[in-house]
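So you can see what is in the structure, the chains are spelled out below.
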Amino acid sequence: MLVSLLSRIFIKDRENIKDTNVREAYGILCGILGLFLNLVISAAKFITGFISGSVALTADAVNNLTDAIGAGTTLAGFKLSNKKADRGHPFGHGRIEYLAGLAVSFFTLLAGAELLRASVTAIMSPGGNRTEKTALAVIAISIAVKCYMAAYNAAIAKKISSPALNAAAKDSLADAVSTSLVLLSFLFSHFFPSSAFPFDGVAGILIAIFILYNGVSSAKETINPLLGIPANAEFAKNIEQIVLSHEPVSGMHDLVIHDYGPGRVMISLHAEVPGKSNIFDMHKIIDDIENDIMIQTGCAATIHMDPVDLDNDEFIKTKEILKNVLTSLNPELKFHDLHIVPDKTNTNLIFDVIRPGNIKNTEIEDSALRREINTLIKKELGDNYRCLIRIESAFV
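Residues numbered from 1 in each chain as written. Predicted model: local features only at pLDDT ≥ 70, side-chain atom pairs only at ≥ 80, totals over all residues. Heavy atoms only, no water.

Asks: Give me the lowdown on a nonpolar patch on the surface, citing residues and values where you can.
Replies: The grouping of Leu39, Phe46, Ile47, Phe50, Ile51, Leu65 and Ile69 at the surface amounts to a nonpolar patch, some 680 Å² of accessible area in total. For the nonpolar patch, the secondary-structure elements that each account for two or more residues are α2 (20–52) and α3 (55–81). Looking at the nonpolar patch element by element, the count peaks at 5 residues for α2. Looking at the element boundaries, Leu39 is found in helix α2. Judged by relative accessible area, Leu39 falls into the partly exposed class, the value being 43%. (Patch = residues over 30% accessible without salt bridge, like charges linked within 9 Å, V, L, I, M, F, W, Y side chains within 5 Å. Areas by Shrake-Rupley, 256 points an atom, 1.4 Å probe, with all protein chains shown as cover. Salt bridge = Lys/Arg side-chain N within 4 Å of Asp/Glu carboxyl O. Helix = DSSP H or I, 4+ residues; strand = E, 2+ residues; numbered from the N terminus. Buried < 20%, exposed > 50% of the residue type's maximum accessible area, 1.4 Å probe, protein only.)

Below, the structure written as structure tokens:
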């Protein structure tokens, strides 16, 4: 693969993908190569499209020209996103890469809209297009180049977790499909020269719909990280394993992932520790956990210590009963921060319930959920028990 060869030549320490400089180098390499290839095939399609009189091929050339602009945008995005943090941007500029991916999606939508307009015009005012051997060769080569671009962009996007390159890969794949329809248009004109069916315009419309769909999908993928999305379940599990590997930590909750761009992720969480432990010893363990998370994931972590009364038999019994009650309502309901606070007439159970992301508020209303939990707890422990519940949405 050409990209693999170029990365060996131009990217120092190329396997160290956690290094933001290495990520930038991969992005710049893919951006320059994409810019060059798109400009070449766009120029070739403009010329052959003019000679053959094909609206689909000419519109496809416009599409490739917008791809070249998109490649340039990706290139700029990687360069700008690697700028160091400053006073105005203390978390760095990593999200610029997401904006670059969004810009690529915008150019994809622009190309699809233009192609749709030109194709409708071609159907309303049909004109015969000539089959040129040179045009067929250009189309075939263009399909091969676009498949190659989709492959290397997808491979590097997966390697460095880049939404911008992933958007470029999908765009290249869409181009390969759209250009295949142009090829079918030319073959139809060759084998059915007397047909009045406007295959060229119809092919253009199909290409435009495919491009527009691809543009919308890519836009969603780049907008979602900016809006905030749940943490990857596998990543969250890895964090939990790191935290629980340090004794005497007994549990973890309230994990929140703060994504400021690839390579700039911060974590906050609560770690459950024995309430009777020495606070200085626990502080040292928490520092060790934060350091291990940084070493193993490259993410800065801030951890809050949550004391848990693990030597209290009543606490342990109540905790197990509460766990069974929530499981009976929904196996995915979780809880934490349980406190048993008796007063003159009642025993108050104060705790947080985590509503998993796949349970919508309309399915189990908060007030109804509180009533159900209270009813079941009273049934298990007695009427003098009262639950004070705060319901939260899961971040994972």
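The discussion continues.
Asks: How would you sum up the sheet that holds strand β3 (residues 300–308)? Please name residues and give values.
Replies: Spatial strand order, β1-β2-β3: 3 strands in an open sheet with mixed pairing. The strands lining the two open edges of the sheet, one partner per strand, are β1 (251–259) and β3. Pairwise comparison of adjacent strand axes, ignoring direction, gives a mean angle of 15 degrees for this sheet. Here β1 runs beside strand β2 (residues 265–274); their pairing, made up of 7 bridges, is antiparallel. From the neighbouring strand, Gly251 faces β2, where its bridge partner is Glu272. Of the strands in this sheet, β1 and β2 are in contact with helix α8 (residues 233–244), which crosses β1 at around 130 degrees. (Pairing = 2+ DSSP bridges. Axes fitted to C-alpha atoms, helices over the stretch in contact; angles between N-to-C directions. Contact = heavy atoms within 4.5 Å.)

Asks: Which residues make up helix α5 (residues 133–160), and what values go with them?
Replies: For α5, built from 28 residues, the straight-helix expectation of 40 Å at 1.5 Å per residue is met to within 8% by its first-to-last C-alpha distance of 41 Å. Count one or two residues on from α5 and you reach Ser161, which has phi positive near 55 degrees. (Expected span 1.5 Å × (residues − 1).)

Asks: Run through the environment of Val256, naming residues and quoting values.
Replies: Topologically, Val256 is positioned in strand β1. Here the alpha-carbon distance between Val256 and Ile51, two residues 205 residues apart in the chain, equals 58 Å.

Asks: Tell me what's going on with the side chain of Asp352, and back it up with residues and numbers.
Replies: The topology assignment puts Asp352 in strand β5 (residues 347–355). Residue Asp352 is classed as buried on the basis of its relative accessible area, which comes to 8%. Polar side-chain contacts of Asp352 include one of 2.9 Å to the side chain of Arg390. Those residues in contact with Asp352 that sit more than four places away from it in its chain are Lys334, Phe335, His336, Asp337, Arg390 and Glu392. (Polar contact = N/O pair within 3.5 Å; in protein donor to acceptor, adjacent residues only side chain to side chain.)

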